[in-house]
Amino acid sequence: MKNFNKTLLVSAIVAGLAGCTDDYKPEDTSFNNAPVHGGDIEVTLSEKDAGTYLHLLGSIKGEYGEGNTGEGVVIDYESDPVFIQNVTTKITDSTLGELSETVGHKLVSGVQVGVAPMMLMDELDSGQTRTIEYNYEISDGKKSTSRKMTINIEGEDFAPVFVDSKTSHRTSQSSVVVDLLEGVVDEDGETLFITDVTVDSDKAIYTMSGSTLTLDVDATTAGLAVGAEETYVFTYKVNDHNNALTRTSTFILRNVLTEPRAPEVVKNYEAVVNTNDSIQYVDLSGVDYIIDWNGDTINIDLSNISAVGDAPALKFNKSSGATLAVDPIDFSSYLTAGETKTFTYTYPVDDGAAATEGQGGHNVDVNFSVTVTKATPVNLIANGGFETGDLTGWTVNDDTLINVQAVGDAFEGGHMLVSTAADSTASTSFNVEANAGYYVRQTDRSTLAAGVWAGSYSAVLDDKARPFNFHPSYNADNIAQPWSDYKYQASSFTATENGSKTITYTVSAIELDSVFAYKYSTDPANNLVMQAGQNSVDFEDGTVGSWSGSFAVTTDADQILSGTTSAVVSAWGGTLALPAGTLKNDKKYLLAFDARHSAFDGDGQSPIRVDIETADGASSVLGSPISTKAFPRGRNIIKVGLGETFREERFIDTAKFNDVADWDTKAVRINISPSSWTGKGELIIDNVMLVEVE
């Protein structure tokens, strides 16, 4: 019955339509909506972006990236198939106006726009934008709606970057072929080319093909005496689409000797620096420093540098290949304030194994010198002592809860950073250079009452969090005392690139002062733990070195922190004895090691003790006498989870917090303990470092 009724209904509709007049059109009376969409599409790309396809019918939300519009695919409520029609384009340039070219974009399959921003690299400059507009209609065959896609391609222009080149060649080469664009970097990837090539001598015989220079050595050096050399300087322009920069390439041509001769030192490298200066880099294989008249390969071994006379036996550990790296801070501990001294070193050079024709087989020791002045350390953090009386150079989350206040007993000067609420933040930045070691130290004290177990704070530096946790002090009778004493905390890292680093403190009921950032020496020769042997630093010989107490080693891959072996410190820990003179009066030091909790001494935490004591344990550099306080400055509750790696560090000033007046004459010991309560704590440690700073 239901099917029959439907059939009658359809027949009635068809009969009614048949009776319509001749000018009847289905769309006039059928119920039809035009397709709908989520608005015009606007997409902004950089000239360095990879090619992509943009759909004229729209995209799902977010597909075109944050800040772009047009999300939402076209919808037709009657489910009619939709298509694109009546497409027109308009190209405009923010600098050149309206254009007719179609470089960098193309309509594909009638519904997508293929965009290749990198095709415009050679046309666009910084601040210049190429705008491509597609105006079109979206139709379901009955009705249509208009839509526009706007594609903005933003240009950026960086000039080519390079250094002048200098190379040495021997007359046994009939020709030298060099790409004059070698070593040239163009950050925005534009096409580079060479123009205006000139040479400073009419004797140079050469040809050019594109950027490739071919120097005819035979013709150029005709008549050159044996053992003599000639220098040719080519000057030319390195061009991208917007820049033309002058570069020189120097070619030294030598008529090499057939008689074997050792490499000849042209001059010795001499550095003149002060301890605040940047790292100095020099390629000692350059023709300015050494020549091999036989044309042999010169080998320079900077892993075997030897000190001459009273020069410190530094490793120059930032050197690589034939490039010597001199870090002035490495010399700081060997000088007094304002003192200037010259240190001399040697390194071996050879010209390879002896050949049958008699060349090679020569060894030469070459000197270099470093004249260094010990400068007054300069705080890399502006307003680290807050003596401007305000937050100059600092950013805080709420200056009503964390601010600079005048404090009568401030650690330094008359002002401190004072926090009155939990999770207040303060941050500041300083500049760093690649491969240099840096530390930031600060003093702090808690403002909490006696017996209150709270008041922690932390620092995030070099993308690593350092927790600095306070707990109240107790006297020898186990009576709670207010923690009103100042305490040093420190964070260190090695910079991997030039730039700026930000340190952010998250504080609660804490006063901070004397925030100081500076470089420290990462040369292994300056690690005072090395006095006890390399194995006391990294345990790589499979022993605990000279450490005593509850120390063991592990080679378990799931436990080690670096290399193949780490140390396991358990129970009440142990000590490392170091000779008299390790610590000196009125000097500052950084004590640090990598660590990981493998067992807690308490419920979810361990109060770690790290200190330097006199050899008899009677006095501590971080606070004397130890016996009067159950929680001395050398102790810190580290709230990190089991298995998490962290850096445990202590900043030490021999002139502060202790009553020892003759550290120069005292034998000392490093004390590390993972326990304070039950003896159940356990740490994995590695890479122990004690280095003089400031």
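Quick caveat: nothing in here was measured; it's all calculated off a predicted structure.

**Side note on the overall build of the chain**
Along the backbone of the chain there are 4 helices and 44 strands. Residue burial in the chain is summarised as follows: out of 694 residues, 45% are buried. Of all intrachain contacts in the chain linking residues separated by at least 6 positions in sequence, the fraction that spans at least 24 positions is 75%. For the chain, the computed accessible surface area is about 31,700 Å², with 50% contributed by carbon and sulfur atoms.

**Some details on the pattern of salt bridges**
Inspection of the entire model under this criterion finds 24 salt bridges. Where D409 meets R445, a salt bridge forms, and the shortest distance between an N and an O atom there is 2.7 Å. Here R445 lies in strand β29 (residues 437–446) and D409 lies in the loop between β26 (402–406) and β27 (415–419), a separation of 36 residues in the sequence. For D611, the salt bridge is made with R609, and the minimal N-O distance between the two is 3.5 Å. A residue is classified by how much of its surface remains accessible, and D611, at 1% relative accessible area, is buried.

**Things to note about the sheet that holds strand β34 (residues 487–494)**
Each strand in a sheet pairs with its neighbour through backbone hydrogen bonds, running either in the same direction (parallel) or in the opposite one (antiparallel). A sheet is described by the order of its strands in space; here 5 strands give the open sequence β26-β27-β36-β29-β34, paired in antiparallel fashion. Two strands bound the open sheet, and with one partner strand each, they are β26 and β34. On average, each strand axis in the sheet is tilted by 35 degrees relative to the strand beside it, whichever way the strands run. Bridge analysis of β26 against β27 gives 5 bridges, and the strand direction is antiparallel. Looking at the pairing, N403 lines up with V418 of β27.

**Focus: the nonpolar core**
Taken as a class, soluble globular proteins show a tendency for nonpolar side chains to be buried jointly. One finds W547, I612, I670 and I685 to be the most contacted residues of the largest nonpolar core, which totals 33 residues. Residue assignment for this core shows that the elements contributing at least two residues are β37 (547–554), β38 (566–578), β39 (588–599), β40 (606–614), β42 (645–653), β43 (668–673) and β44 (682–693). If we ignore the near neighbours within four places in the chain, the residues touching I670 are V529, W547, G574, T575, L576, L578, L591, D611 and I612.

**Considerations on a nonpolar patch on the surface**
A grouping of V36, I75 and Y77 is seen on the molecular surface, where their side chains present a nonpolar patch of about 290 Å² in accessible area. If you trace the backbone, Y77 turns up in the loop between β2 (52–55) and β3 (83–93).

**What to know about the side chain of T654**
By the element assignment, T654 lies in the loop between β42 and β43. Looking at T654, the relative accessible area reads 3%, which means it is buried. Not counting chain neighbours up to four residues away, the residues in contact with T654 comprise L583, K584, N585, D586, K587, Y589, V621 and W663.

**Some words on the side chain of R441**
Mapped onto the elements of the fold, R441 is located in strand β29. At a separation of 2.8 Å, a polar atom in the side chain of R441 contacts the side chain of S514. Residues in contact with R441, not counting those within four places in the same chain, are Y488, Q489, A490, S514, V515, F516, K588, F651 and E694.

**As for the pairing of strand β14 (residues 229–239)**
In terms of strand pairing, strand β11 (residues 193–199) meets β14 through 5 bridges, oriented antiparallel. Note on β14: the bridge partner recorded for T195 is K237. From the end of β14 to the start of strand β15 (residues 244–254), which pair antiparallel, there are 4 residues.

**Some remarks on the environment of E644**
In this structure, E644 sits in the loop between β41 (635–638) and β42. With residues up to four places along the chain from it excluded, the contact list for E644 reads A595, R596 and H597.

**Some words on the environment of M121**
Tracing the backbone shows M121 in the loop between β6 (112–115) and β7 (129–139). In this structure the C-alpha to C-alpha distance between M121 and E47, which are 74 residues apart in sequence, comes to 5.8 Å. When sequence neighbours within four positions are dropped, the list of residues in contact with M121 reads E47, K48, D188, G189, E190 and H241.

**Thoughts on the packing of aromatic side chains**
Given two aromatic rings, one states the distance between the centres and the angle between the planes to describe the pair. Across all of its chains, the model carries 23 aromatic pairs by this definition. When the centroid spacing of 6.4 Å and the interplanar angle of 50 degrees are considered together, the rings of F430 and Y438 count as tilted. Like F430, the residue Y438 is buried in the burial classification. Each member of the aromatic cluster is reached from another via a ring pair, and the members are F316, F331, F343, Y345, Y347 and F368.

**Some words on the sheet that holds β11**
Strand order in the open sheet formed by 4 strands is β9-β15-β14-β11, with mixed pairing between adjacent strands. Only two strands of the sheet have a single partner each, and these edge strands are β9 (165–170) and β11. Here the strands of the sheet are splayed against their neighbours by 25 degrees on average, with no regard to which way each runs. Where β9 and β15 come together, 6 bridges link them in parallel fashion. Bridge assignment links T167 to a residue of β15, and that residue is F251.

**Description of the environment of K237**
Within the element layout of this structure, K237 appears in strand β14. Judged by relative accessible area, which is 27%, K237 ranks as partly exposed. For the pair K237 and F193, spaced 44 residues apart in sequence, the C-alpha to C-alpha distance is 8.3 Å. Leave out the neighbours within four places in its chain, and K237 touches F193, I194, T195, D196, A244, L245 and T246. In terms of polar contacts, K237 uses its side chain to reach the side chain of T246, at 2.9 Å.

**Some words on the pairing of strand β5 (residues 105–108)**
Judged from the 4 bridges that link them, β5 and β6 form a sheet pairing that is antiparallel. If you follow V108 over to β6, its bridge partner there is Q112. Linkage of β5 to β6, two consecutive antiparallel strands, is achieved through a turn of 3 residues, within which S109 is found at a positive phi near 55 degrees.

**What to know about the confidence of the model for the chain**
Averaged over all residues, the pLDDT of the chain equals 86, while 88% of them reach at least 70. In this model, residues 1–29 is a region of pLDDT below 50 whose contacts with residues beyond four sequence positions or in other chains number 3 contacts.

**Description of unusual backbone geometry**
Positive phi, close to 55 degrees, is recorded for D462, a residue that is not glycine. Within the fold, D462 resides in the loop between β30 (457–461) and β31 (464–468). Even without a glycine there, the phi angle at F539 is positive, about 60 degrees. With respect to the helices and strands, F539 occurs in the loop between α4 (535–538) and β37. Assessed through its relative accessible area of 0%, F539 is described here as buried.

About the criteria used
Residues numbered from 1 in each chain as written. Predicted model: local features only at pLDDT ≥ 70, side-chain atom pairs only at ≥ 80, totals over all residues. Heavy atoms only, no water. Helix = DSSP H or I, 4+ residues; strand = E, 2+ residues; numbered from the N terminus. Buried < 20%, exposed > 50% of the residue type's maximum accessible area, 1.4 Å probe, protein only. Contact = heavy atoms within 4.5 Å. Areas by Shrake-Rupley, 256 points an atom, 1.4 Å probe, with all protein chains shown as cover. Salt bridge = Lys/Arg side-chain N within 4 Å of Asp/Glu carboxyl O. Pairing = 2+ DSSP bridges. Axes fitted to C-alpha atoms, helices over the stretch in contact; angles between N-to-C directions. Core = buried A, V, L, I, M, F, W, Y, C linked by side-chain atoms within 4.5 Å. Patch = residues over 30% accessible without salt bridge, like charges linked within 9 Å, V, L, I, M, F, W, Y side chains within 5 Å. Polar contact = N/O pair within 3.5 Å; in protein donor to acceptor, adjacent residues only side chain to side chain. Phe/Tyr/Trp six-rings, centres within 6.5 Å; stacked < 30°, edge-to-face > 60°. pLDDT = per-residue confidence, 0-100.

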